[in-house]
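Architecture at a glance
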Amino acid sequence: MVEIVLGTALAAIGAGIAVGFAGLGSGLGQGIVAAGSVGAVAEDNDMFARGIIFSALPETQAIYGFLVAILLLVFSGLLGSGSLDITSGIVAIGVGAAVGFAGLGSGMGQGIVASASIGAVVEDNDMFARGIIFSALPETQAIYGFLIAILLMVFGGILG
């Protein structure tokens, strides 16, 4: 049996928070958009490709959470060598919370906006580009969480 120090165990919790909550937001957002897209395709079969594009937008939140989780696992020693002290482990929980909760809210918000955009495009094809722009706006909160997570890892002693 492998013995894991407390700091590394806390980093594992941070990785789980990162990917779990970001993935939850992404999945809920994609479900909301896909539901709207199905209705749009039922009205106009040509909406399938645009529905897929809008449905893919909330996926990025899960990608941010996944990347942060992988970084935490590698630099904590779970997928490599070394270990983290307790202080760095607590920072790792903050890292996971930053990207996880930002991704949760952002993914859900993006799904709502993208779903409304699908409805607008069904009514007026010229709304596609504007719908993409509106749908991209909630992404900024996920980017903030991702950036804070990276900064915490760098200045909290996890990355280097």
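Residues numbered from 1 in each chain as written. Predicted model: local features only at pLDDT ≥ 70, side-chain atom pairs only at ≥ 80, totals over all residues. Heavy atoms only, no water.

**Some remarks on the overall build of the protein chain**
Secondary structure assignment for the protein chain yields six helices and zero strands. Seen in sequence order, the protein chain has helices and strands lined up from the N terminus as α-α-α-α-α-α. With respect to the three principal axes, the spread of C-alpha positions in the protein chain is 60 × 30 × 20 Å. Put simply, the protein chain has 160 residues, and 38% of those count as buried. Counting only contacts in the protein chain whose residues sit at least 6 apart along the sequence, the fraction spanning at least 24 positions is 88%. (Helix = DSSP H or I, 4+ residues; strand = E, 2+ residues; numbered from the N terminus. Buried < 20%, exposed > 50% of the residue type's maximum accessible area, 1.4 Å probe, protein only. Contact = heavy atoms within 4.5 Å.)

**A short note on the environment of Ile-86**
Among the structural elements, Ile-86 can be located in helix α4 (residues 86-123). Relative accessible area serves as the criterion here: at 45%, Ile-86 is assigned to the partly exposed category. Taking the C-alpha atoms as reference, Ile-86 lies 7.6 Å from Leu-10; in sequence the two are 76 residues apart. Ignoring anything within four residues of it in the chain, the contact list for Ile-86 reads Leu-6, Gly-7 and Leu-10.

**Observations concerning the packing of helix α1 (residues 6-43) against helix α2 (residues 48-56)**
When two helices pack together, their arrangement is captured by the angle between the axes and the distance separating the axes. The contact between α1 and α2 brings their axes to 8 Å, and the two run at 170°. By the angle class used here, α1 and α2 are roughly antiparallel. In contact with Gln-30, Val-33, Ala-34, Ser-37 and Val-41 of α1, α2 contributes Phe-48, Gly-51, Phe-54, Ser-55 and Ala-56. Of the residues contributing to the contact of α1 with α2, the split by class is six nonpolar, four polar and no charged. (Axes fitted to C-alpha atoms, helices over the stretch in contact; angles between N-to-C directions. Parallel < 35°, antiparallel > 145°, perpendicular 65-115°, else oblique. Nonpolar A, V, L, I, M, F, W, Y, C, P; charged D, E, K, R; others polar.)

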